[in-house]
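Tertiary structure, described
One-letter residues, chain by chain:
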Amino acid sequence: MSTAPSIEPEDTRERIKRVAIELFGQHDPDSVSVREIGRAAGQKNVSLLNYYFGSKDGLLRELIRDFARVHDADRQRRLEALERRPEPPS
């Protein structure tokens, strides 16, 4: 008996986020519908976006938090590199 590989919930969640980033980069986020995001993410059940994020606004908030975390980690890495330099930063 052959079974198809299951898609983990986190994979679905991350795929929705990746697709949303692409669509929001191409179009105004207000003009992108939940249905478009779900369809582009390969979801037959577009209510999965609401399941994972509560709403399109919830998805946007999570994407902003993700970008802020990446930006903060990069900023922290750069500050630490400056502090390790032997000469004072200019």
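Residues numbered from 1 in each chain as written. Predicted model: local features only at pLDDT ≥ 70, side-chain atom pairs only at ≥ 80, totals over all residues. Heavy atoms only, no water.

**Considerations on the confidence of the model for the protein**
Detail in the predicted coordinates should be disregarded across regions flagged by low pLDDT. In the predicted model, the protein carries a mean pLDDT of 88, and the fraction of residues at 70 or more is 86%. Note on residues 1-5: pLDDT is under 50 here. Beyond four places in sequence and across chains, it has zero contacts. (pLDDT = per-residue confidence, 0-100. Contact = heavy atoms within 4.5 Å.)

**A word on empty space enclosed by the protein**
Under the criterion given, the structure shown has one cavity of 30 Å³ or more. Considered as a void within the structure, the largest cavity measures approximately 30 Å³ in volume. Of the residues that constitute the lining of the largest cavity, the class distribution is five nonpolar, three polar and no charged. (1 Å grid on protein atoms, 1.4 Å probe; cavity = no way out; pocket = protein on both sides within 12 Å on 5 of 7 lines; lining within 4 Å. Points joined across faces, edges and corners; volume = space filled by probe spheres on them. Nonpolar A, V, L, I, M, F, W, Y, C, P; charged D, E, K, R; others polar.)

**Digging into the pattern of salt bridges**
Where charged atoms from two side chains of opposite charge come close, those side chains can pair. Applying the stated criterion to the full structure yields eight salt bridges. Between E62 and K17 there is a salt bridge, with the nearest N and O atoms lying 3.1 Å from each other. Pair noted here: E62 is in helix α4 (residues 56-84) and K17 is in helix α1 (residues 9-26), with a separation of 45 residues, a long-range link. Across this residue pair, the class does not change: E62 and K17 are buried. The shortest N-O distance in the salt bridge between D72 and R75 comes to 2.9 Å. Linking D72 with R75, this pair stays in helix α4, spanning three residues, or about one helical turn. Counted as one network, the salt bridges with shared partners bring together R13, E14, K17, E62, D66 and R69. (Salt bridge = Lys/Arg side-chain N within 4 Å of Asp/Glu carboxyl O. Helix = DSSP H or I, 4+ residues; strand = E, 2+ residues; numbered from the N terminus. Buried < 20%, exposed > 50% of the residue type's maximum accessible area, 1.4 Å probe, protein only.)

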